[in-house]
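Listed below are the residues making up each chain.
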Amino acid sequence: MKNQHLKQSVLTAGVIAGAAFFGGGWQEAHADTVKNSTAQITTTNPNAATSTTDAQCAVASAQAAVSQAQQKVDSASAAVASASAAVNSATAAQSSAASAASVAQSNYAIASAVAQSQMPSSAEQAAALNGSTIDIKNANLNMFDNSSSDASANVKNQIGEVNVTENWHFNQATQKYEMDPSLKDALTVVPDDESMTLDPTKLTQAQQSEISDYVAALINQIRAKFGLTAWIYNDMTLAQALAIVNYAYNSQNWNTSIKLQEIIAQNKAIEAKNKTAKADEQEPLIDRTDAHDLDKVFDNVEYQYNDTSDKVKASWENIGIISDKNPNIASTLIKTMGDLKRVATVSIWDMLFNDAHSQNSHARMLLSTNTEYVGAAMDNYGVLHIYGLIPSAMQKVNETQTALANANKDVETQKGNLSNAEKELNDAVDALNKAQDALEKANLLMAIEAVAKDANQTSSSQSNDSNTKTSSSKSNKQSSLKDVTVKATSEPTKVSQAKHGDSQLLSTSNAITTAEPSIFERLLPQTGNRNGLGMTILGMLMGMMSFGFLGLRKRRY
């Protein structure tokens, strides 16, 4: 009802304003009527000058609000454009990343197929093992669960081995370090292996290839018993493993057995010190994994294969044929290829079933499902290194997949930014619309008050002793018009109302609405005055058009 009343009142005001402007010929014919009608407004509005000043302040304030709102709309529009461009850029990067990932995956599939074709056949792997095996009996992957307080003991009990403690031991009778006799007797080695003498610290390329194939085939044999897929190995993986060993150990003069002895000695000193130290002053023990050259072993290493150069990374490293009691254990135990294969087998046995000190981490590496390539090589100190390998083609897949994941995330982020920017623009447009509505209302209020002021000035120039006779009904209407108009123009909060709401406009328009009967009685043209009638109608139409333009138009941004 409020809006309907407002529209009706504003329409009336528009009609009057239009009539006042365009009805010149009609006013001449009805001058007395105009004088008396405008006098109704001016008589009841003695503070017209002050009211007009207040209305002008309201208009100025509303104009400033519109200007500020327009600036926010412009800024928000620019932000939307920028956010939209960012979405387009991120989407293009996403498409490029997806294409690169697809190419990398295709290249890797080709390289993997080639590597698989070069892998030794099942018969060749069996020949390399020559009957060697590690009996895991009823073992399963659950035996390597770290939830056990003594994981190593748990494993031993499951496989029926309760006497496996230290597979490297010092034989008092022979005064030599020897492997556990039961393990040694269980391994079958062909006569050729026994007749091939060697120095474990100076293996030839052919000897490196033979022990590498033996270790890889033995690991695949164990994995098969756990129902796991076989790992790929061939001459290329040997070249990759040798490159890592040379880079991280041989070139650094890094003897893992000596490093392990140093760690054990340091930990003994720390334990002795901690016995007398306060709880908050005790030092942590050094991790045995520091025996690995961790600073270099996981670098991207260049290697040569088939007269080409490429790069490879290690995803994990297991080390065997070491002893915390004898740093020269390899030279002590290994004299032939048969010895080397037996010692390598015992090392893998230790990784699987004697690994409590490492929380079975070595076993989990050998039985992992996220490795595809394996390589094994001996260093210059007779230490065996086993690697999970990441060839360059696989590295590229990982890199492009990471880049694609980041690109996908960035697209979502930029879309979120665009959504926020669009919301801010919508809010700014709504605020601008409200500010413009307030300005239009303030302008209309000022126009109505200006008409009252002009009418007051006109009436003051006329004779004050005109003989006017009014009926009691007209007197009642004038009294009603006076009461409402005074209320609309004299309240001290008029400017605030003009800025923030419809109440002032409603009050003023109510005054006109209340006076409509008496005003129209005087403003209606007399019969026969066609020019006055035409101008009056034209004035009314222009007033209606003014209302339609100012009050009803809708904006869209």
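Residues numbered from 1 in each chain as written. Predicted model: local features only at pLDDT ≥ 70, side-chain atom pairs only at ≥ 80, totals over all residues. Heavy atoms only, no water.

Asker: Any chance you could explain the overall build of the protein chain here in plain terms?
Answerer: For the protein chain, the count of helices and strands is 20 helices and 6 strands. Looking at the protein chain as a whole, 42% of its 557 residues qualify as buried. Taking the intrachain contacts of the protein chain between residues at least 6 apart in sequence as the baseline, contacts between residues at least 24 apart amount to 79%. Accessible surface for the protein chain amounts to roughly 28700 Å². Of this, 51% is attributable to carbon and sulfur atoms. (Helix = DSSP H or I, 4+ residues; strand = E, 2+ residues; numbered from the N terminus. Buried < 20%, exposed > 50% of the residue type's maximum accessible area, 1.4 Å probe, protein only. Contact = heavy atoms within 4.5 Å. Areas by Shrake-Rupley, 256 points an atom, 1.4 Å probe, with all protein chains shown as cover.)

Asker: When you look at the pairing of strand 5 (residues 373-378) in this model, what are you seeing that I'm missing?
Answerer: The two faces of the sheet receive side chains in turn, since in a regular strand these alternate between them. With 6 of its 6 residues buried, strand 5 lies for the most part within the structure. The two faces of strand 5 match: Y373, G375 and A377 on one face and V374, A376 and M378 on the other face are all buried. Remark: 5 residues form the turn of the hairpin made by strand 5 and strand 6 (residues 384-391), two consecutive strands paired antiparallel; G382 in that turn has positive phi of roughly 75°. (Pairing = 2+ DSSP bridges.)

Asker: Honestly, the packing of aromatic side chains in this entry has me stumped. Any pointers?
Answerer: Each aromatic ring pair is characterised by the separation of its centres together with the angle its planes make. Going through the model one piece at a time under the given rule, you end up with 2 aromatic pairs. Taking the centre distance of 5.7 Å and the plane angle of 45° together, the rings of W231 and W316 count as tilted. Note that W231 is positioned in the loop between helix 9 (205-225) and helix 10 (235-250) and W316 in strand 4 (residues 308-320), a separation of 85 residues in sequence. According to the relative accessible area criterion, W316 is buried, its value standing at 4%. Look at Y249 and W254: their rings are 6.4 Å apart centre to centre, the planes differ by 85°, and that puts the pair in the edge-to-face class. One exposure class covers both Y249 and W254, and it is buried. Above the ring of W254, the side-chain terminus of K259 is found at 4.4 Å from the ring centroid. (Phe/Tyr/Trp six-rings, centres within 6.5 Å; stacked < 30°, edge-to-face > 60°. Lys NZ or Arg CZ within 6 Å of the ring centre and 35° of its normal.)

Asker: Where do I start with the layout of surface pockets in this structure?
Answerer: Summary: where empty space remains is shown by rolling a probe the size of a single water molecule over the atoms. The computed volume of the second largest pocket comes to approximately 770 Å³. Along the walls of the second largest pocket sit 33 residues, with R288, I322, H357, S358 and H362 positioned nearest its centre. When its residues are assigned to classes, the lining of the second largest pocket shows 12 nonpolar, 14 polar and 7 charged. (1 Å grid on protein atoms, 1.4 Å probe; cavity = no way out; pocket = protein on both sides within 12 Å on 5 of 7 lines; lining within 4 Å. Points joined across faces, edges and corners; volume = space filled by probe spheres on them. Nonpolar A, V, L, I, M, F, W, Y, C, P; charged D, E, K, R; others polar.)

Asker: For this particular structure, what's the right way to read unusual backbone geometry?
Answerer: Peptide bonds are mostly trans, and most non-glycine residues show a negative phi. Look at N130: it is not a glycine, yet its phi comes out positive at around 50°. Examined against the element boundaries, N130 turns out to sit in the loop between helix 5 (122-129) and helix 6 (151-159). Even without being glycine, N253 reaches a positive phi, approximately 55°. Relative to the assigned elements, N253 resides in the loop between helix 10 and helix 11 (256-276).

Asker: Whenever I open this one, the pattern of salt bridges confuses me. Can you help?
Answerer: Side chains that differ in charge, positive against negative, can pair when their charged atoms come close. Applying the stated criterion across every chain, the model contains 6 salt bridges. With a closest N to O distance of 3.1 Å, E210 and K341 form a salt bridge. Of this pair, E210 sits in helix 9 while K341 sits in helix 14 (residues 337-353), placing them 131 residues apart in sequence. By relative accessible area, which is 27% here, E210 ends up partly exposed. Connected via shared salt-bridge partners are D193, E210 and K341. (Salt bridge = Lys/Arg side-chain N within 4 Å of Asp/Glu carboxyl O.)

Asker: What is the right way to read the nonpolar core from this model?
Answerer: One broad trend across soluble globular proteins is that nonpolar side chains are buried collectively. Judged by nonpolar contacts, the single largest core of 75 residues is most densely connected at V215, L340, I348, L352, I386 and Y387. Among the elements that make up this core, the one with the highest residue count is helix 10 (10 residues). In this structure, V215 is in contact with A344, I348, A376, L384 and I386, ignoring residues within four places of it in sequence. Formed by 19 residues, the second largest nonpolar core is a distinct cluster that contains A58, A69, V73 and L418. (Core = buried A, V, L, I, M, F, W, Y, C linked by side-chain atoms within 4.5 Å.)

Asker: I tried to follow the environment of L439 on my own but got confused; where do I start?
Answerer: Here L439 is to be found in helix 16 (residues 392-460). Given the relative accessible area of 15%, L439 is considered buried. Distance in space between the C-alpha atoms of L439 and V59 is 6.0 Å, their sequence separation being 380 residues. Ignoring sequence-local partners within four residues, the contact set of L439 consists of V59, A62, Q63 and V66.

Asker: Even after reading the chapter, I still don't get the pairing of strand 3 (residues 301-305), so can you show me in this structure?
Answerer: Across the two faces of strand 3 the burial differs, with V301, Y303 and Y305 buried and E302 and Q304 not buried at all. Taken together, the 5 bridges between strand 3 and strand 4 define a ladder with antiparallel strand orientation. Opposite E302, over in strand 4, you have K311 as the bridge partner. Between the end of strand 3 and the start of strand 4, which pair antiparallel, lie 2 residues, with N306 showing a positive phi angle near 55°.

Asker: So what exactly am I meant to see when it comes to helix 14 here?
Answerer: One full turn of an α-helix is made of 3.6 residues, so residues set three or four places apart face in the same direction. In a regular helix each residue adds 1.5 Å, so 17 residues correspond to 24 Å; helix 14 covers 24 Å between its end C-alpha atoms and thus fits that length. Buried residues dominate helix 14, accounting for 17 of its 17 residues. N-cap assignment for helix 14: the residue whose side-chain oxygen lies 3.3 Å from the backbone N of G338 is T336. (Expected span 1.5 Å × (residues − 1). Polar contact = N/O pair within 3.5 Å; in protein donor to acceptor, adjacent residues only side chain to side chain.)

Asker: Before we go on, may I ask you to explain the sheet that holds strand 5 in this structure?
Answerer: Pairing between the strands of a sheet is mediated by backbone hydrogen bonds and can be parallel or antiparallel. An order of 3-4-6-5 is seen for the 4 strands of this open sheet, with the pairing classed as antiparallel. A strand with exactly one partner marks an edge of an open sheet, and here the two such strands are strand 3 and strand 5. The sheet shows a mean angle of 50° between the axes of neighbouring strands, taken without regard to direction. (Axes fitted to C-alpha atoms, helices over the stretch in contact; angles between N-to-C directions.)

Asker: Help me out: how do you make sense of the packing of helix 9 against helix 10 in this one?
Answerer: Relative orientation and spacing of two packed helices are given, respectively, by the angle between their axes and the distance between those axes. Running from N to C, helix 9 and helix 10 cross one another at 110°; their axes reach a closest spacing of 10 Å. In terms of axis orientation, helix 9 runs roughly perpendicular to helix 10. Here Q205, Q208, S209 and S212 of helix 9 come into contact with helix 10, specifically with D235, L238 and L242. Class assignment for the residues of the contact of helix 9 with helix 10 results in 2 nonpolar, 4 polar and 1 charged. (Parallel < 35°, antiparallel > 145°, perpendicular 65-115°, else oblique.)

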